[in-house]
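A structural walkthrough
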Amino acid sequence: MRTKEKQNKTRLFFLGVLVAIMLIVTACAPQPAPAPAEEPAGLAEEQPAAEAPVAEAPSEETEETEETPVEEVVEEPGFMVERFRAAIIGDESTLNPFTYVTGEPGWNVLMMQYDSLFTMNIVGEPVPWLVTDWSLSEDGLSYTLSLRDDVSWNDGTPFTAHDVKFTFDYLTLNAVGRFARDIRGFESAEVVDDYQVVINLVNPNPGYVRLAFADVPIIPQHIWEGVNDPQNHQFEDVTNVGTGPYMLMEYAPDQFYRFVANENYFAGMPTVGELVLIKFADDAGAQAAFRTNEVDMIFRVIPPEQIDLLSMVDGVSIAQGPLFGTQMLMMNYDVEPFNLVEVRQAVAYALDREDMIDTVYLGAATAGSNGWIHPDSPFYNSQIVQEYNPERAVELLESVGIVDSDGGGVREYEGAELSFELITPSGNALRLRLAELIKEMLAQVGIQVNVASVEQTTWEDMVWPEFDITFGRSYELSMWGWSAPVQADVFRAPELVHSDPLIGPLNLSGANSEDIDRIANEMASSQDPEYRTEKIKELQQAIADEMPFVILMYPDGNYAYWSSVYDNLAFIAGQGVVNKLSFLPESARP
Amino acid sequence: MSTLTSVQVEKTRHEDKPVRRRFNPSTFAGWMGGVIIVGLILVAIFAKQLSPYDPAERVGRPFQPPSAEHLLGTNDIGQDILSELIYGSRVSLTIGIVASLVTMGIGTTVGLLAGYFPKRLGKVLMRIVDLVLIVPFLPLLILLAAYLGRSLFNTVMIIGVLSWAGTARVIRSHVLTIVQQDYVLASRTIGAGDLHIITMHILPQVLLLAVGQFVQATSGAILLEASLSFLGLGDPLQKSWGTVLYWAQVRGVFLTPAWRWWVLPAGLLISLAALGFALLGFSLEQVINPRLRNSH
């Protein structure tokens with residue numbers, strides 16, 4: 001008996017210990033956050049004080065240089081800054097045109113080593129770069145390009161028209177992905193002389209300057225002509241031979257890249273002597289390093305909630321500008337009553353875009369235009385108005401007999417309650433929040449919305465099965481967004497709204513408007529830039545009237561950088577600040 | 001040796017004064033657990049009266065620090081965090097309790113059948129139990145949650161389906177001993193069917209045991225729900241403690257001072273609930289489980 005008692009006692013004791021352990025374990029387990037979070041939070045408060053004296057001196061210098069006449073800066077030997085360190089997330093491989101990984105910042109960094117025939121200026125318009133003069137034949141098929149004669153590859157070989165022809169021929173054979181898409185429609189290239197080349201197209205393509213000439217890096221014939229498998233080719237030297245302002249000197253996979261300025265760059269001496277890209281595993285790591293100024297910039301857009309926090313740090317500034325991505329609400333024409341234009345208009349009137357931007361993006365977005373095109377685009381039709389007007393929304397709904405006859409707060413259409421499912425991909429937190437606000441705002445005008453957060457693939461399958469609109473669609477309302485390239489070329493707009501699936505392969509709402517189709521066809525029939533500009537403005541009005549989707553906003557690009565270290569970044573509309581112009585003196589920018 | 005004597009002394013005292021109970025840490029823990037749970041359940045029931053705002057309504061600027069109006073500040077779209085947590089107790093506790101009910105249901109059924117038919121069916125069932133026990137739990141949980149999609153129902157089912165094996169084992173071993181009891185034998189000899197014996201004689205015996213298992217499982221289920229929601233594998237539109245943490249994570253709060261009023265309270269509540277059920281569970285097990293039962 002005694003031993004049994006003892007056993008029970010010991011057991012009880014162990015249980016006590018167990019409970020204590022449980023207490024500790026349960027108390028610790030769910031909050032892994034505080035420990036790591038404490039550090040950056042504390043640093044954020046302390047760092048500026050420690051950093052301030054160091055930070056002030058260079059910032060004064062930068063201000064002075066800005067005020068002095070530009071020519072002097074160019075003539076002055078030496079760099080504004082010897083070294084600039086930027087954080088990247090993810091490795092970009094050897095960063096040549098066939099190995100770089102991401103569209104942003106991979107392509108952007110690639111283009112610091114290489115040049116394209118045209119380049120984007122600050123407002124996002126293509127301007128001649130390697131080209132001095134150009135003309136397009138009457139039939140719209142042949143571009144005659146005169147090239148600069150003062151450009152050389154950074155191994156000393158002169159750059160000539162042969163390199164241009166070689167690039168287009170080589171990409172036709174070897175390119176996949178972006179550059180293959182860019183040059184689509186290329187037929188042949190003819191070298192007229194060393195500094196003149198003619199590019200022939202299969203069909204007229206007025207967007208070709210923007211799509212191909214301003215996007216494709218020209219590669220040196222003497223380096224690549226012997227390379228048969230460019231994706232896997234191993235060069236003996238990591239140095240990528242380009243014409244650009246920076247040369248890759250050192251690459252440690254998964255660690256860093258070191259670029260050195262090309263002091264003989266044709267457009268002008270780069271402003272930063274050495275550019276170091278440091279690879280981080282995730283955003284949190286990059287932000288922590290940024291806060292302590294271990295890096296001077298993050299080569300990636302920062303989330304809206306970080307804008308205020310980071311800009312409060314002494315010496316840090318935020319470069320803000322337009323990017324052409326969108327957040328939008330899709331309405332399926334196959335689901336009644338979204339086939340009625342009044343209903344679609346009412347939905348647009350009921351949504352308070354400013355409120356959404358202030359709440360979800362904390363102000364860091366531009367309100368959507370009903371005509372699809374970003375207000376900062378030179379093709380924007382400023383006649384288009386969009387307003388938040390719930391009374392008008394109610395009028396429109398009632399004009400087509402959609403009333404709340406049973407007083408339940410939800411309107412009915414042909415006896416059925418106006419209740420819809422709004423799907424949104426579960427991986428996109430901001431979109432989910434927008435969906436919640438849409439639900440709240442549409443409830444105000446008597447439209448019931450149930451937000452469903454679904455897996456990415458489910459969501460795509462419901463909105464755009466097989467990425468082919470001829471398979472139809474099975475959503476009622478959906479959050480959606482097009483990435484910047486869709487809008488960067490404004491003349492692609494018919495793809496979104498044309499009722500013919502061949503002309504409108506991105507028409508995910510099922511829009512079928514005679515007006516839109518007619519204007520789009522007229523636009524496509526002409527090569528005259530003025531006529532096309534007139535038509536694209538007309539098309540925006542037609543889209544705004546038809547309202548096949550609601551453009552909620554264009555999220556702004558926000559980049560955090562230590563302006564106390566270097567304050568000369570150039571924000572290219574639609575492309576952001578990671579570009580070669582950011583590291584060239586202002587006099588050298590087109 | 002000293003332990004032995006102290007046991008002896010206590011034993012004598014206990015026998016001398018049977019009316020006055022000695023202090024039992026297990027009972028105390030049980031009471032503590034009970035108080036915590038009752039407290040949280042009251043909060044859940046009276047969430048409407050207790051919370052200062054409707055948690056679904058945007059009542060202020062986003063990302064506000066604590067103030068007199070918003071004791072725990074506001075979240076990323078300006079909803080009151082305190083109200084979110086108060087209402088969150090409903091979802092978190094419900095999921096915890098329902099998921100462990102599922103656990104108990106499956107575990108008890110399997111345990112009963114395996115114990116009552118130990119030969120063929122029992123062997124098959126116990127091998128399944130072994131399988132469920134050895135499969136790495138958390139990765140499978142995350143995989144299933146990602147595969148099945150996000151909803152309250154899925155969260156409940158996933159937790160339930162993956163955590164019943166332990167319960168089944170405990171129940172089975174208890175059933176194995178009950179089946180050997182004379183009254184079961186007697187019942188069988190007078191021609192009672194299996195169903196009758198299971199429902200009338202065995203189930204009532206194991207039910208108490210199952211309740212103990214249920215309380216313990218709830219503690220685990222609450223933690224699991226929070227983990228899944230935090231990872232973004234729960235339904236982000238349901239306000240639970242785990243989703244409050246999820247939104248803190250996706251909106252970068254962990255890197256800012258806001259973790260103190262956004263992350264910490266949610267974490268503490270989850271710990272508190274898990275602790276409450278764990279304490280009660282341990283205490284109940286002391287009373288219920290025959291192998292641990294005090295023989296005083």
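Our subject in this report is the structure included herewith. The structure presented is a predicted model; accordingly, all values stated were derived computationally and were not measured.

**Focus on the overall build of chain A**
Secondary structure assignment for chain A yields 19 helices and 20 strands. In chain A, which comprises 590 residues, the proportion classed as buried is 54%. Contacts in chain A between residues far apart in sequence, at least 24 positions, make up 68% of those at least 6 positions apart. Carbon and sulfur atoms make up 50% of the accessible area of chain A, which amounts to about 24,700 Å² in all.

**Things to note about the packing of helix H18 (residues 514-524) of chain A against helix H19 (residues 529-546) of chain A**
All names here are of chain A. The geometry of H18 relative to H19 is characterised by a closest axis approach of 9 Å and an angle of 165° between their N-to-C directions. In terms of their interaxial angle, H18 and H19 are classed as roughly antiparallel. Along this stretch, H18 crosses H19, giving a crossing that reads as left-handed. Counting all contacts with H18, which are made through Ile516, Arg518, Ile519, Ala520, Glu522, Met523 and Ala524, the residues of H19 involved are Tyr531, Arg532, Lys535, Ile536, Glu538, Leu539, Ala542, Ile543 and Glu546. Along the lines of polarity and charge, the residues of the contact of H18 with H19 split into 10 nonpolar, no polar and six charged.

**Things to note about the side chain of Thr108(B)**
Within the secondary structure, Thr108(B) is located in helix H4 (residues 81-116). Residues contacting Thr108(B), with those up to four places away along its chain left out, are Thr167(B), Ile171(B), Leu203(B) and Ala210(B).

**A short note on the packing of aromatic side chains**
All names here are of chain A. Under the criterion given, the structure shown has 36 aromatic pairs over all chains. Pairing Tyr100 with Phe179 gives two aromatic rings, centres 5.9 Å apart and planes at 50°, and the pair type is tilted. Taken together, the residues Tyr100 in the loop between strand S1 (81-89) and helix H4 (106-113) and Phe179 in helix H6 (residues 178-182) connect sequence positions 79 residues apart. Comparing Tyr100 with Phe179, the two get one shared label, buried. Measuring from centroid to centroid gives 6.3 Å for Tyr143 and Tyr208, while their planes differ by 25°, and the two rings are stacked. With a gap of 65 residues between them, Tyr143 in strand S5 (residues 142-147) and Tyr208 in helix H7 (residues 208-213) connect regions that are remote in the sequence. Feature note: the residues Phe118, Trp134, Tyr143, Phe168, Phe186, Tyr208 and Phe213 constitute an aromatic cluster, connected by ring pairs.

**Quick look at the pattern of salt bridges**
Side chains that differ in charge, positive against negative, can pair when their charged atoms come close. The tally for this structure, following the rule as stated, stands at 29 salt bridges over all chains. Here Arg473(A) and Asp334(A) are joined by a salt bridge, their closest N and O atoms 3.0 Å apart. Within this pair, whereas Arg473(A) is found in the loop between helix H15 (456-463) and strand S19 (477-480), its partner Asp334(A) is found in the loop between strand S13 (327-331) and helix H11 (341-350), the two being separated by 139 residues in sequence. Arg433(A) is paired through a salt bridge with Asp76(B); the nearest N and O atoms lie 2.7 Å apart. Separated into two different chains, Arg433(A) in helix H14 (residues 429-444) and Asp76(B) in the loop between helix H3 (47-50) and H4 make up a pair that spans both. Assigned by exposure class, Arg433(A) and Asp76(B) land together as buried. Overlapping salt bridges, with partners in common, bring together Glu305(A), Arg433(A), Glu436(A), Asp76(B) and Arg251(B) in one network.

**What about empty space enclosed by the protein?**
Picture a little ball the size of a water molecule; that probe, rolled over the atoms, points out where space is still empty. Residue and element names in this part refer to chain A. Summed over all chains, the structure comprises eight cavities of 30 Å³ or more. In this model, the largest cavity occupies a volume close to 120 Å³. When residues of the lining of the largest cavity are assigned to their parent elements, the largest contribution, three residues, is made by H4.

**Observations regarding the packing of H11(A) against helix H13 (residues 390-399) of chain A**
All names here are of chain A. Between H11 and H13, the least distance of the axes is 8 Å, while the angle of their chain directions is 165°. In terms of axis orientation, H11 runs roughly antiparallel to H13. For H11 against H13, the interelement crossing comes out left-handed. Residues Glu342, Val343, Gln345, Ala346, Tyr349 and Ala350 of H11 lie in contact with H13, whose contacting residues are Pro390, Arg392, Ala393, Leu396, Leu397 and Ser399. Residue composition of the contact of H11 with H13, by class: eight nonpolar, two polar and two charged.

**Comments concerning helix H8 (residues 165-179) of chain B**
Residues and elements named next belong to chain B. Taking 1.5 Å of rise per residue, 15 residues should cover 21 Å, and H8 covers 21 Å from first to last C-alpha, within 8% of that figure. Every buried residue of H8 is listed here: Ala165, Thr167, Ala168, Ile171, His174, Val175, Ile178 and Val179. Against H4, helix H5 (120-134), helix H9 (182-189) and helix H10 (194-230) lie the buried residues of H8.

**Re the pairing of strand S9 (residues 256-261) of chain A**
Residue and element names in this part refer to chain A. Side chains of S9 alternate between two faces, with Tyr257, Phe259 and Ala261 buried and Phe256, Arg258 and Val260 left unburied. In the sheet, strand S8 (residues 246-252) pairs with S9 via six bridges, with the strands oriented antiparallel. From the neighbouring strand, Tyr251 faces S9, where its bridge partner is Tyr257. Once S8 ends, the chain turns through three residues before running back antiparallel as S9, passing Asp254 with a positive phi of about 65°. As defined by bridge partners, S9 adjoins strand S10 (residues 272-280) across five bridges and the pair is classed as antiparallel. In the strand pairing of S10, Phe256 is matched with Ile278.

**Comments concerning unusual backbone geometry**
Residue and element names in this part refer to chain A. Pro337 follows Glu336 through a cis peptide bond whose omega is 0°. Within the fold, Pro337 resides in the loop between S13 and H11. Positive phi values are uncommon outside glycine, yet Leu95 reaches one of about 55°. Along the chain, Leu95 turns up in the loop between S1 and H4. The backbone phi angle of Met547 is positive, close to 50°, even though this residue is not glycine. Position of Met547 among the secondary structure elements: in the loop between H19 and strand S20 (549-562).

**Observations regarding the sheet that holds strand S7 (residues 196-201) of chain A**
Residues and elements named next belong to chain A. Spatially, S4-S5-S7-S6 is the arrangement adopted by the four strands of the open sheet, whose pairing is antiparallel. At either margin of the open sheet sits one strand with a lone partner, and together these are strand S4 (131-136) and strand S6 (186-193). Within this sheet the neighbouring strands show an average axis-to-axis angle of 20°, counted without direction. Across the sheet, helix H5 (residues 161-174) is in contact with S5, S6 and S7; its angle to S6 comes to roughly 165°.

**Thoughts on the side chain of Arg58(B)**
Note that Arg58(B) resides in the loop between H3 and H4. Of note is the side chain of Arg58(B), whose polar atom sits 2.9 Å from the side chain of Asp355(A). Looking at Arg58(B), its side chain comes within polar contact range of the side chain of Glu440(A), at 2.9 Å. Apart from residues no more than four positions distant in its own chain, Arg58(B) is found in contact with Asp355(A), Thr359(A), Leu437(A), Glu440(A), Met441(A), Ile77(B), Gly78(B) and Gln79(B).

**Examining the environment of Met523(A)**
All names here are of chain A. Mapped onto the elements of the fold, Met523 is located in helix H18. When the C-alpha atoms of Met523 and Glu414 are compared, they prove to be 39 Å apart, with 109 residues separating the residues in sequence. When neighbours within four sequence positions are excluded, Met523 is seen to be in contact with Phe491, Pro494, Arg532, Lys535, Ile536 and Leu539.

**Digging into the pairing of strand S17 (residues 419-425) of chain A**
All names here are of chain A. In terms of burial, S17 is largely enclosed, as five of its seven residues are buried. Pairing of S17 with strand S18 (residues 448-454) involves seven bridges; the strand directions are parallel. Looking at the pairing, Glu421 lines up with Asn450 of S18. The β-α-β motif built from S17, the intervening H14 and the parallel element S18 has right-handed crossover chirality. Taken together, the two bridges between S17 and S19 define a ladder with parallel strand orientation. Opposite Ile423, over in S19, you have Ser478 as the bridge partner.

Analysis parameters
Residues numbered from 1 in each chain as written. Chains lettered and ligands numbered in written order. Predicted model: local features only at pLDDT ≥ 70, side-chain atom pairs only at ≥ 80, totals over all residues. Heavy atoms only, no water. Helix = DSSP H or I, 4+ residues; strand = E, 2+ residues; numbered from the N terminus. Buried < 20%, exposed > 50% of the residue type's maximum accessible area, 1.4 Å probe, protein only. Contact = heavy atoms within 4.5 Å. Areas by Shrake-Rupley, 256 points an atom, 1.4 Å probe, with all protein chains shown as cover. Axes fitted to C-alpha atoms, helices over the stretch in contact; angles between N-to-C directions. Parallel < 35°, antiparallel > 145°, perpendicular 65-115°, else oblique. Left-handed = near helix turned anticlockwise from the far one by under 90°. Nonpolar A, V, L, I, M, F, W, Y, C, P; charged D, E, K, R; others polar. Phe/Tyr/Trp six-rings, centres within 6.5 Å; stacked < 30°, edge-to-face > 60°. Salt bridge = Lys/Arg side-chain N within 4 Å of Asp/Glu carboxyl O. 1 Å grid on protein atoms, 1.4 Å probe; cavity = no way out; pocket = protein on both sides within 12 Å on 5 of 7 lines; lining within 4 Å. Points joined across faces, edges and corners; volume = space filled by probe spheres on them. Expected span 1.5 Å × (residues − 1). Pairing = 2+ DSSP bridges. Polar contact = N/O pair within 3.5 Å; in protein donor to acceptor, adjacent residues only side chain to side chain. Right-handed = clockwise from strand over helix to strand, strands pointing away.

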